[in-house]
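Each chain is listed here by its residues.
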Amino acid sequence: MGNTVHRTLPDSSPPARLLATRPCCGPGPERRQVLGEAPRFHTQAKGKNVRLDGHSRRATRRNSFCNGVTFTQRPIRLYEQVRLRLVAVRPGWSGALRFGFTAHDPSLMSAQDIPKYACPDLVTRPGYWAKALPENLALRDTVLAYWADRHGRVFYSVNDGEPVLFHCGVAVGGPLWALIDVYGITDEVQLLESTFAETLPPTRLSQARFSACLPPNSHDAANFDNNELENNQVVAKLGHLALGRADLRFHATRGSDVSLSADRKVACAPRPDGGRTLVFSERPLRPGESLFVEVGRPGLAAPGALPFGITSCDPGGLRPPELPADLEALLDRKEYWVVARAGPVRSGGDVLSFTLRPGGDVLLGVNGRPRGRLLCVDTTQALWAFFAVRGGAAGQLRLLGTLQSSPASTTPSGSLSGSQDDSDSDMTFSVNQSSSASESSLVTAPSSPLSPPVSPVFSPPEPADSKNGECTVCFDGEVDTVIYTCGHMCLCFNCGLRLRRQARACCPICRRPIKDVIKIYRP
C-alpha cells in the first residue's frame, strides 16, 4: 500500500472540556484537558481474531497470538493521548502489545490489507509507525498512554509515569489514526478517555528516556534496528550535546591539514581540496554504541559524502606523515582497514549516526532516518573510527557524542557477537582483508571477511504472485536473483554479479558464503 498525501480533516468533534485534574508527570499545579469521549475501535478494519464489545471500546483477541491488529475509528489529534488499559494478560506467549500510528484511513482498508502482525508487516510499508511495548511492562490493569507531538515524535507513559521517547519520524502533515496490535501475551485492551499531553520543555526532552528494548521475537527483528537508529538520532537532536555519553573526543593524532578545537570535539579543514585530513576517535568504539557527528557548518554548502572508516590500528602508534591524502593508500597497510562513503550529506549541519552492532554491522543514520548497513567489520579486535574531513567553507566535523543502545556481549576469547541487519545502497567502500594480501574492491554491497554464517533473521521474500520487491543492495532494481547455496532471493542480477566477484562474498541476509548467483525468469 503506497503512502498517500492527506489533507488535515476539519475538526468536527465537540470542544474539549476540563473534567479532572491529574498531574501528568509527577506532582505540580499543572492541569491538563480531558476529552469527554474516548475514541472507539474501528468496527471493520481489524484482524480476524479481534472481537469488539458493544461500545467498540474493548478489543479481545480470540485464538492464537496474532491477527490482532486494530485501529481507532477517528483520527487522533497531536498531543492527544491514546490511553489503553490492559484488561487481560495471559502468560505463555512471547511478546506484548504493539502500538503506534498510521496515516492511512482504516475505512478504506479491506480485509486483505490487515496482516497478521503490525511488526514487521505494517511498519515496513509507508505510512505506518509502530513498536512493541516492553514485555515486562505489559501487566494486567496497566494503563498505557501514548501520543505524537508536532515534530513527529511519539512518547508513551505507563500508569502516568515519566514519558519515554518511543520513536520518531511520524508524518504529522495529515490525520493520524491510532494503530493497536493486541499481540502475544496481551489478550484484551480497553480504550479510555483521551487526555492532552503537556508540551515537554527542552530541558525535559534532553533528559527523556528512550525505548531501546530488544525485540522479543524474530517478527520484530527487521524493524528493530531502524527504530533504534531513529531513537538515538532524536536524542542527539534534542539536546545537541546532551547524549548518553559525551566522553568521546578526536584523537590527538591527525592529518597535517586538519586542526582540532581545544576540547578535541571539532575538526576543521580550511583547504578546499581537503588534503591530509584524517581524524580518529580517541578510543575504540564499543559494540552496540552509536557515534553522532555533525557534518559541515549549518547554512553552508553541502559537503557531499563523508569518508568514514574503521580500523584496528591504534592511532597513538601513527605519525602524521604516515597519514595519506588518498584513503586507498590505507589499504596497503598491514592493519585491518575498512573505508566507506557515508551520505550523501545534503546540507551543512546534517547529523550522521554510526552504530556498531555486536555482530560487526555498522549502521548509518542521516538526520534521524536510517539508511541501513554501511559496512561490516571484524569485531574480534579493538576498532577505532576515522573520518576524512571535507575541506573548504563547510570543512568542519563536530563530534556530538555517543549512545550505548544495546549491551556489549563478548565471548571468553574476547570476540564479539551479535545480529545482522539489512543492506543499503550507494555506499562504495574498500576492504583490506589481511596482512598478507591487500585486496581492494569497489562495490555496492557489504563485505564480511571474517563473520561466521548465522541463521537469517528477516522475513522471507514475498510470494511469487506479489510484487517482486526491491534489491536489498541497490534498493532500485527488481529482485530476480537467487543466491547459491543459501537460497535467499534478495538481489537484482547486476548487484548479484558484482557481489559474486568480491573476495569472500557473502549473502547480505544470512552471511553465508556465495558460490554463485542465479537469475530467475518468471512467466
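Residues numbered from 1 in each chain as written. Predicted model: local features only at pLDDT ≥ 70, side-chain atom pairs only at ≥ 80, totals over all residues. Heavy atoms only, no water.

Below, the discussion takes up the overall build of the protein. A tally of regular secondary structure across the protein gives four helices and 30 strands. At a minimum sequence separation of 6, the contacts of the protein that also span at least 24 residues come to 72%. Entry remark: accessible area of the protein is about 22200 Å², with carbon and sulfur atoms responsible for 52%. (Helix = DSSP H or I, 4+ residues; strand = E, 2+ residues; numbered from the N terminus. Contact = heavy atoms within 4.5 Å. Areas by Shrake-Rupley, 256 points an atom, 1.4 Å probe, with all protein chains shown as cover.)

With that out of the way, let us pick up the pairing of strand β21 (residues 337-345). The buried count for β21 comes to seven of nine residues, which makes it a mostly enclosed element. As paired strands, strand β20 (residues 304-311) and β21 are joined by seven bridges and run antiparallel to one another. Bridging from a neighbouring strand, Pro 307 pairs with Arg 341 of β21. (Buried < 20%, exposed > 50% of the residue type's maximum accessible area, 1.4 Å probe, protein only. Pairing = 2+ DSSP bridges.)

With that settled, the discussion passes to the sheet that holds strand β28 (residues 481-484). Each strand in a sheet pairs with its neighbour through backbone hydrogen bonds, running either in the same direction (parallel) or in the opposite one (antiparallel). Spatial strand order, β29-β28-β30: three strands in an open sheet with antiparallel pairing. Each edge of the sheet is formed by a strand with only one pairing partner; in this case those strands are β29 (489-491) and β30 (516-519). Within the sheet, the average angular offset between the axes of one strand and its neighbour, ignoring direction, is 50 degrees. Where β28 lies against β29, two bridges are found, and the strand directions are antiparallel. Bridging across to β29, Val 482 finds its partner in Met 489. Contacting β28, β29 and β30, helix α4 (residues 493-500) crosses the sheet at an angle of about 165 degrees to β30. (Axes fitted to C-alpha atoms, helices over the stretch in contact; angles between N-to-C directions.)

With that settled, the discussion passes to the packing of aromatic side chains. Under the counting rule described, the total for this entry stands at 16 aromatic pairs. Plain terms: the ring middles of Phe 280 and Trp 337 are 6.4 Å apart, the flat faces sit at 70 degrees to each other, and that makes the pair edge-to-face. You can see Phe 280 sitting in strand β18 (residues 278-281) and its partner Trp 337 sitting in strand β21, a full 57 residues away along the chain. There is no split in this pair, since Phe 280 and Trp 337 are both buried. On the basis of an interplanar angle of 45 degrees and a centroid distance of 5.8 Å, the ring pair of Phe 280 and Phe 386 is categorised as tilted. Residue Phe 280 is found in strand β18, and its partner Phe 386 is found in strand β25 (residues 384-388); the two are separated by 106 residues along the sequence. On the basis of relative accessible area, Phe 280 is assigned to the buried category, the value being 0%. (Phe/Tyr/Trp six-rings, centres within 6.5 Å; stacked < 30°, edge-to-face > 60°.)

The next thing to look at is the environment of Ser 261. Secondary-structure assignment places Ser 261 in the loop between β16 (259-260) and β17 (266-268). Ser 261 gets classed as partly exposed once you look at its relative accessible area, which sits at 25%. Placed 11 residues apart in sequence, Ser 261 and Phe 250 show a C-alpha to C-alpha distance of 9.5 Å. A polar contact of 2.6 Å, which involves the side chain of Ser 261, links it to the side chain of Asp 263. (Polar contact = N/O pair within 3.5 Å; in protein donor to acceptor, adjacent residues only side chain to side chain.)

Here we take up unusual backbone geometry. The residue after Cys 119, namely Pro 120, is reached through a cis peptide bond having omega 10 degrees. Relative to the elements of secondary structure, Pro 120 occurs in helix α1 (residues 118-122). Even without being glycine, Asn 67 reaches a positive phi, approximately 55 degrees. Mapped onto the elements, Asn 67 comes out in the loop between β3 (58-61) and β4 (69-72). Classification of Asn 67 as buried rests on a relative accessible area of 9%. Positive phi outside glycine occurs at Asn 159, with the angle close to 55 degrees. Looking at the secondary structure, you find Asn 159 in the loop between β9 (154-158) and β10 (164-167).

Turning to α4, its buried residues are Cys 495, Gly 496 and Leu 499. Taken around the axis of α4, the buried residues stretch over an arc of 105 degrees, which confines them to a single face. On its buried face, α4 is in contact with β29 and β30. (Arc of directions from axis to C-beta.)

Turning our eyes to something else, we now look at the side chain of Lys 131. Note on placement: Lys 131 falls in strand β7 (residues 128-132). A polar side-chain atom of Lys 131 sits 3.0 Å from the main-chain carbonyl oxygen of Phe 166.

Scanning all chains against the criterion turns up 15 salt bridges. Asp 187 is the salt-bridge partner of Arg 90, the closest N and O atoms lying 3.3 Å from each other. Residue Arg 90 is located in the loop between β5 (80-89) and β6 (98-102), and its partner Asp 187 is located in strand β12 (residues 186-191); the two are separated by 97 residues in the primary sequence. According to the relative accessible area criterion, Asp 187 is buried, its value standing at 12%. When the shortest N-O distance is used, the salt bridge between Arg 271 and Asp 257 registers 3.0 Å. Placement of Arg 271 in the loop between β17 and β18 and of Asp 257 in the loop between β15 (250-254) and β16 is noted, with a sequence separation of 14 residues between them. (Salt bridge = Lys/Arg side-chain N within 4 Å of Asp/Glu carboxyl O.)

What follows covers the nonpolar core. Within soluble globular proteins, side chains that are nonpolar generally end up buried alongside one another. Judged by nonpolar contacts, the single largest core of 34 residues is most densely connected at Val 293, Phe 308, Leu 352, Phe 354 and Phe 387. Contributing elements (two or more residues each) for this core: β19 (289-295), β20, β21, β22 (350-356), β23 (361-366), β24 (369-376), β25 and β26 (396-404). No other element matches β21, which puts four residues into this core. Look past the residues within four positions of Val 293 in its chain and what remains in contact with it is Leu 306, Asp 350, Val 351, Leu 352, Phe 354, Phe 387, Leu 397, Arg 398, Leu 399 and Leu 400. (Core = buried A, V, L, I, M, F, W, Y, C linked by side-chain atoms within 4.5 Å.)

Honestly, it's all geometry; don't read function into it.
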